[in-house]
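# A structural walkthrough
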Amino acid sequence: MTYPVSLEMRESLAQHIVLGKMVAQHSYWDAERANIYTLNIIEVTAWLKGYQAQAEIGVITLGGTLENEAQISHPSLELLPWNEYVLFLKGNEQVVDNRAIRETRPNLIQALPCAAAQGALTKQSGRFHDLHHLAPAKEAGLLAKIEFLTSETALTPTGKKFQPRSGDTFPLSDWAQASTSKTAAITSFAPNPTNSGTIAPADFITINGSAFGAAAGTVFYTNANDGGATFTSSGVATDNLAWSATQIRNKPASNGGTGPININGTQTSAGNLTINYSHIDINSSFSSFAQTTRQRYNLADVNGTGSYQMLANAAFSANAPAVSAFTRATETWRCATGFTVNIGVPLSVAVTVANDNENTLLFDATLPNGVLGRATSRFLASANGACNQTNTVWWLNELDIQFKPNPPSAGTTWNFGPGGSAALQFDFESVALHELGHAHGLGHVISPGAVMHFAIANGIDIRGLSPNDIAGGLNKMAYSTGPYCFTPAAINAPITANMVGCILLPTNDLSLQGSKQSAANLLQWAQDQQQSPTGFYLERSTDGKHFKHLTFIPGQAPGNTETIYSHLDRELPSADQIYYRLRQHDQDGTQHLSNVVAIQSTSTETVQVYPNPVQQHLQLRGKTSLNGPATLQFINVNGQNLKT
């Protein structure tokens, strides 16, 4: 999560400032094999500070993918080939530089950005967009301001004075005018809303219109990583599933958020595509893919506990309010989705952010300016030959979370709670909840005030999860709890959903009924006219113990009569009996569980349990194909068998 860093501060930190575009990328391990980095080769248009007679410079960004290993850090700078940038860069890096390229190109400067993602201003629509700063700048005005700060003249690589340009020669040049003559080219798109970064066909969008071109191009999405200031795309050709002049089928980019979509930089939709949640994806050709292809990863039990155990450094462990705030954030996620992160016994040795098979939690003064907290996820993949392609198993192998020490920025302090934040405080629990969302597998969304929005302001507390946050987390848990195509040797088992001890209140007003309808199961329930829940999570199980998220149904505003809801489950798992329950999510964050309904796959009747709640006598009603004694199990809301 980030906070604003002024242009003046970034200029003072920078040894070089350049205008240019990215033309090549090379991912690599640093010399200690601690972290994966990517060296972005920048074709320099102009040197704005620290002139060098060189046509290229290298920018080092954190994260990348190498064969069956990957690393993703939030936040970090991401450079894309269709944009032009003004880059604020440190000096020639000698510690985490790309040694292989250093050997072949010893004169190439390899530099880290200043202030992480704020180290780049992105040019689109003829303007430069600065993270956290609302007003985009024209090239002439921006360069004049930088020249005033540096007292240096902008020069081309050949040493000539650079003259600011009035136009924009890059593919996104017409976005500023797209709302007029070119919007009619996109006539419709569906589904809307949808989710980004997934591999679920139901989330892929179909775009109808005209003049898209016969050859596959690029679908751009409103960029969730900057709150919608720019457009972005995955840059992965295989995200285009079908392309013709009149119709496109595309996988929404994981960093895409709610807003217009754009085709080839020239055609922008009149309406918005709504993104409910985003899953972080991995783009790789491992294993046996002909091209780089989007792949999802699983949360996994890598240590035998069914959860991720964090090891805190001494400074974090000694800060009891910080530990309490972080624990509250972990419990919020666990009780909403079952994703469990625990703080283990403090280490007596130094805790580092490195590829060391340890999940670390620390206060870290080396975090870049502008970064309140950072989650770094490290992934491994495996394939067994008979189970490759889309069923290659990627999993979260290691997790590191860093926070700025107190104070996080000049003039502010951390608020560790549990009370609310003052005007000049950043809320630690809110930032922890956000970084744990990334650890859970969620990307950014465009929704100011929501947990997974890319930034938070001082004086603001965001300690509750929205229905979309929960739905995204439950979906990740649904496939992470297995079974996998196969279980790699490095994994003990799929992750375990753990809600033991969470407060899930049964309710008298939520009665779920179900029946078999041909090849589908029909679920129905009613909402009292005085209720106004946020919505309902429908969960399904094949054993009556382990329930997985099936779908989310938004709540309706209260009316004069009760509201009837229904859902038809058409994609039934292979089981003799299928169990369902509802989880009602209220406006204040309270959750209530319904009764459990069991529907037999071979019967046309449902088994109903009543009354609910039960006091002395429990009754079962319905027809069954069983001919003889049956077994009755009493299972509580945490999946524990109370009596058989």
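Definitions and limits used
- Residues numbered from 1 in each chain as written.
- Predicted model: local features only at pLDDT ≥ 70, side-chain atom pairs only at ≥ 80, totals over all residues.
- Heavy atoms only, no water.
- Salt bridge = Lys/Arg side-chain N within 4 Å of Asp/Glu carboxyl O.
- Helix = DSSP H or I, 4+ residues; strand = E, 2+ residues; numbered from the N terminus.
- Buried < 20%, exposed > 50% of the residue type's maximum accessible area, 1.4 Å probe, protein only.
- Phe/Tyr/Trp six-rings, centres within 6.5 Å; stacked < 30°, edge-to-face > 60°.
- Expected span 1.5 Å × (residues − 1).
- pLDDT = per-residue confidence, 0-100.
- Contact = heavy atoms within 4.5 Å.
- Pairing = 2+ DSSP bridges.
- Axes fitted to C-alpha atoms, helices over the stretch in contact; angles between N-to-C directions.
- Lys, Arg positive; Asp, Glu negative; His and termini not counted.
- Parallel < 35°, antiparallel > 145°, perpendicular 65-115°, else oblique.
- Left-handed = near helix turned anticlockwise from the far one by under 90°.
- Nonpolar A, V, L, I, M, F, W, Y, C, P; charged D, E, K, R; others polar.

Our focus in this paragraph is the pattern of salt bridges. Evaluated as defined, the whole model comprises 22 salt bridges. The salt bridge partner of K145 is E8, with a shortest N-O separation of 3.6 Å. Separated by 137 residues along the polypeptide, K145 in helix α3 (residues 139–150) and E8 in helix α1 (residues 7–13) bring together distant segments of the chain. Residue classification places K145 among the partly exposed residues on the basis of a relative accessible area of 39%. One salt bridge in this structure joins R463 and D427, with 2.6 Å as the shortest N-O distance. Of the two residues, R463 sits in the loop between α6 (428–440) and α7 (467–480) while D427 sits in strand β30 (residues 425–427), which places them 36 residues apart along the sequence. Since its relative accessible area comes to 22%, R463 is described here as partly exposed.

With that settled, the discussion passes to the packing of aromatic side chains. Inspection of the entire model under this criterion finds 21 aromatic pairs. Judged by centre distance (6.2 Å) and plane angle (55°), the ring pair of Y308 and F339 falls under tilted. Here F339 lies in the loop between α5 (320–337) and β25 (341–343) and Y308 lies in strand β24 (residues 308–312), a separation of 31 residues in the sequence. Taken individually, Y308 and F339 each receive the classification buried, so the pair is uniform in this respect. Taken together, a centroid distance of 6.3 Å and an interplanar angle of 80° make the contact between F326 and F403 edge-to-face. Of this pair, F326 sits in helix α5 while F403 sits in strand β28 (residues 393–403), placing them 77 residues apart in sequence. In terms of burial, F326 and F403 fall into one category: buried.

This part takes up α7. A rise of 1.5 Å per residue sets the reference length of α7, with its 14 residues, at 20 Å; its end C-alpha atoms lie 20 Å apart and thus fit the reference within 8%. Of all 14 residues in α7, 12 are buried; the element is thus mostly enclosed. Here α7 has its buried residues at P467, D469, I470, A471, G472, G473, L474, K476, M477, A478, Y479 and S480. Following α7 by one or two positions, G482 adopts a phi angle in the positive range, close to 80°.

The subject of this paragraph is the confidence of the model for the chain. A residue-level look at the chain finds 87% of positions with pLDDT of 70 or above and a mean pLDDT of 88. For the stretch residues 173–184, pLDDT sits under 50, and the model shows 22 contacts to residues farther than four places along the chain or on other chains. Ignoring residues within four places in sequence, the model shows residues 636–640, a span with pLDDT below 50, making nine contacts including any to other chains.

Moving on, we get to unusual backbone geometry. Trans peptide bonds make up the majority, and among non-glycine residues the majority have a negative phi. A190 connects to P191 through a cis peptide bond whose omega is 0°. Positionally, P191 belongs in the loop between β11 (186–190) and β12 (194–196). Between N406 and the following residue, P407, the backbone shows a cis peptide bond with an omega angle of 5°. Examined against the element boundaries, P407 turns out to sit in the loop between β28 and β29 (413–415). The residue A115 is not glycine, and still its phi comes out positive at about 60°.

Right, let's get into the environment of A117. Here A117 shows up in the loop between β7 (110–113) and β8 (120–124). For the pair A117 and T2, spaced 115 residues apart in sequence, the C-alpha separation works out to 8.7 Å. With residues up to four places along the chain from it excluded, the contact list for A117 reads S76, L77 and L131.

What follows deals with the sheet that holds β28. Working definition: the strands of a sheet are paired by backbone hydrogen bonds and lie parallel or antiparallel to each other. Across the sheet, which stays open at both edges, the seven strands sit in the order β4-β5-β27-β28-β26-β24-β25 with mixed pairing between neighbours. Looking at strand neighbours, the two that pair on one side only are β4 (64–66) and β25, the edges of this open sheet. When strand polarity is set aside, the average angle formed by the axes of neighbouring strands in this sheet is 20°. Bridge analysis of strand β26 (residues 359–363) against β28 gives four bridges, and the strand direction is parallel. Bridge pairing in β28 places F363 opposite F403. Strands in contact with α6 are β5 (69–74), β25, β26, β27 (373–382) and β28; relative to β28, the strand with the most contacts, it is inclined by about 160°.

Once that is clear, we can look at the sheet that holds strand β16 (residues 240–243). Pairing in this open sheet of four strands is antiparallel, and the strands run β11-β13-β17-β16 from one edge to the other. Edge positions in the sheet fall to β11 and β16, since each of these pairs with one other strand and no more. Adjacent strand axes in the sheet meet at a mean angle of 15°, parallel and antiparallel pairs treated alike. In this structure, strand β13 (residues 205–209) lies alongside strand β17 (residues 247–250), joined through four bridges in antiparallel fashion. Residue pairing across strands places I207 opposite I248, the latter belonging to β17.

Let us look at the side chain of K476. With respect to the helices and strands, the residue K476 is situated in helix α7. For the buried residue K476, which engages in no salt bridge, the nearest side chain bearing the opposite charge is D281, 9.6 Å off. Once you skip the residues sitting within four places of it in the chain, K476 turns out to touch H279, Y297, L299, H440 and G441.

So, about the packing of α5 against α7. Their axes nearest at 9 Å, the elements α5 and α7 cross at an angle of 70°. Overall, the two elements α5 and α7 adopt an arrangement that is roughly perpendicular. Crossing geometry of α5 relative to α7 is assigned as right-handed. Together, W333, A336 and T337 of α5 and D469, I470, G473, L474 and M477 of α7 make up the contact between the two elements. For the contact of α5 with α7, the per-class residue count stands at five nonpolar, two polar and one charged.

Burial runs high along strand β2 (residues 36–49): 12 of the 14 residues are buried. One ladder, built from 12 bridges, connects strand β1 (residues 16–29) with β2; its direction is antiparallel. Across the sheet, K21 pairs through a bridge with E43, a residue of β2. The loop that links β1 with its antiparallel partner β2 comprises six residues; one of these, R33, has a positive phi angle of about 50°. In this sheet, strand β3 (residues 56–62) lies alongside β2 in antiparallel orientation, the contact comprising seven bridges. Looking across to β3, one finds that N40 is bridged to V59. Counted along the chain from β2 to the antiparallel partner β3, the turn is six residues long, and its residue G50 has a positive phi close to 70°.

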